[in-house]
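Spelled out from the first residue to the last, the chains are:
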Amino acid sequence: MSDRDELVTRLGEAMDNGEFEMFFQPEFDATGKPVAVESLIRWRHPERGLIPPVVFLAICEDSGLILPLGRWVLGEACAYHFRLIEAGWPGVTVSVNMSTAQFEDAGMVDYLRKLVTEFNIPAGAIELELSESTVMHNPNRSVEILTAVRALGVGIAIGEFGTGYSSMSTLHRVPADKIKIDRSVVRGVHEDGNNAAICRSIISLAHGKDLIVFAEGVELSEEHAWLRANGCDGVQGYLFARPAPFEDMLRALGSLPA
Ligand code: G
Ligand code: MN
């Protein structure tokens with residue numbers, strides 16, 4: 001058996017054994033109030049410890065394991081919505097990253113509908129985060145899927161924005177609620193004229209379409225200050241909180257960004 005086949009087998013077992021878990025990274029609005037938590041999958045390997053998604057997600061996609069795994073993640077997002085309420089954070093959205101294969105899976109919307117109905121998930125409690133390339137993989141189909149998703153009261157965020165060549169046409173074609181500017185564009189925005197120009201135009205285009213704009217990967221207080229001064233609606237990044245297990249993340253929610 002090849003290393004890859006072995007890993008595929010092992011990943012299947014990991015699912016059955018409950019070795020996957022969700023980490024969370026908060027997002028704050030312009031006043032410093034936590035408004036969302038992005039859920040990020042991790043594999044807690046019994047011997048190798050915590051394994052980041054870059055190591056296993058591509059293999060999950062190739063092997064088809066991404067579909068059951070993605071459904072598990074959606075179920076977790078619903079469960080954590082209720083845990084956030086219990087913890088005293090009822091208005092905080094749980095954001096779920098979704099890969100292209102899962103997004104385009106014919107059963108995805110039905111599964112999401114089943115969860116939303118069964119658990120009585122209120123509008124705005126859950127948000128799907130899709131990369132620009134996922135949305136632009138098959139734009140016509142994406143419009144159909146996104147329209148159905150939004151009809152369920154599930155929000156749409158387009159992440160890693162500003163890296164694809166199609167950024168601007170994406171905004172005009174697809175229904176969404178929120179744009180997340182990629183951290184490569186946010187980096188050094190207070191001193192890098194190119195990034196500043198890109199951020200400014202993304203913010204103005206998004207606002208022109210009634211979308212809110214968040215910045216990913218904010219690491220410096222200077223970047224944060226620039227973003228606030230230039231109308232960015234919210235922020236996420238190491239400056240405020242790193243991805244962390246749920247309980248640790250809750251503690252970070254309490255300490256507002258400066
Ligand atoms: O593209 P996406 O939003 O899915 O990426 C999420 C990943 O980005 C997380 O796993 C997290 O580790 C990383 N990340 C989040 N905030 C920051 C940051 O401020 N700086 C850097 N370098 N990486 C970050
Ligand atoms: Mn993300």
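Residues numbered from 1 in each chain as written. Chains lettered and ligands numbered in written order. Predicted model: local features only at pLDDT ≥ 70, side-chain atom pairs only at ≥ 80, totals over all residues. Heavy atoms only, no water.

Draft legend 1. Structural detail: helix α3 (residues 66–86). With 21 residues, α3 extends 30 Å between its outermost C-alpha atoms, agreeing within 8% with the 30 Å of an ideal straight helix rising 1.5 Å per residue. If you check which residues of α3 are buried, you get I66, L69, G70, V73, L74, A77, C78, Y80, H81 and L84. At the C-terminal side of α3, G88 shows a positive phi close to 95 degrees. (Helix = DSSP H or I, 4+ residues; strand = E, 2+ residues; numbered from the N terminus. Expected span 1.5 Å × (residues − 1). Buried < 20%, exposed > 50% of the residue type's maximum accessible area, 1.4 Å probe, protein only.)

Draft legend 2. Up close: the packing of aromatic side chains. In total, this model carries 7 aromatic pairs according to the counting rule given. On the numbers, 4.6 Å between centres and 65 degrees between planes, the contact of F24 with Y80 is edge-to-face. You can see F24 sitting in strand β1 (residues 20–29) and its partner Y80 sitting in helix α3, a full 56 residues away along the chain. Both rings, one in F24 and one in F246, keep their centres 5.6 Å apart while their planes meet at 75 degrees; by these two values the pair is edge-to-face. Within this pair, whereas F24 is found in strand β1, its partner F246 is found in helix α12 (residues 246–254), the two being separated by 222 residues in sequence. Note on F246: relative accessible area 6%, which makes it buried. Among the aromatic residues, ring-to-ring pairing joins F20, W43 and F56 into one connected group. Note that K178 overlies the ring of F214, its terminal NZ or CZ placed 4.4 Å from the centroid. (Phe/Tyr/Trp six-rings, centres within 6.5 Å; stacked < 30°, edge-to-face > 60°. Lys NZ or Arg CZ within 6 Å of the ring centre and 35° of its normal.)

Draft legend 3. Inspection of the site of ligand 1 at higher detail. Around ligand 1 sit 15 residues in total, of which Q25, E160, R183, E219 and Y238 are the nearest. Here an oxygen atom of ligand 1 sits 3.2 Å away from a polar atom, N or O, in the side chain of E160. E219 places a side-chain nitrogen or oxygen 2.5 Å from a nitrogen atom of ligand 1. Protein chains shield 78% of the accessible area of ligand 1, which is 520 Å² for the free molecule. When residues of the shell around ligand 1 are assigned to their parent elements, the largest contribution, 3 residues, is made by strand β2 (residues 34–45). Grouping the amino acids of the shell around ligand 1 by side-chain chemistry returns 4 nonpolar, 4 polar and 7 charged. (Near = heavy atom within 4 Å. Polar contact = N/O pair within 3.5 Å; in protein donor to acceptor, adjacent residues only side chain to side chain. Areas by Shrake-Rupley, 256 points an atom, 1.4 Å probe, with all protein chains shown as cover. Nonpolar A, V, L, I, M, F, W, Y, C, P; charged D, E, K, R; others polar.)

Draft legend 4. Geometry of the coordination of the manganese ion (ligand 2). Looking at the metal site, the manganese ion (ligand 2) is ligated by E38 (OE), N97 (OD1) and E129 (OE), spaced 1.9 to 2.6 Å from it. The partly exposed category is assigned to N97, whose relative accessible area is 32%. The buried category is assigned to E129, whose relative accessible area is 5%. (Donors = N, O, S within 2.8 Å, 3.2 Å for Na, K, Ca; no water.)

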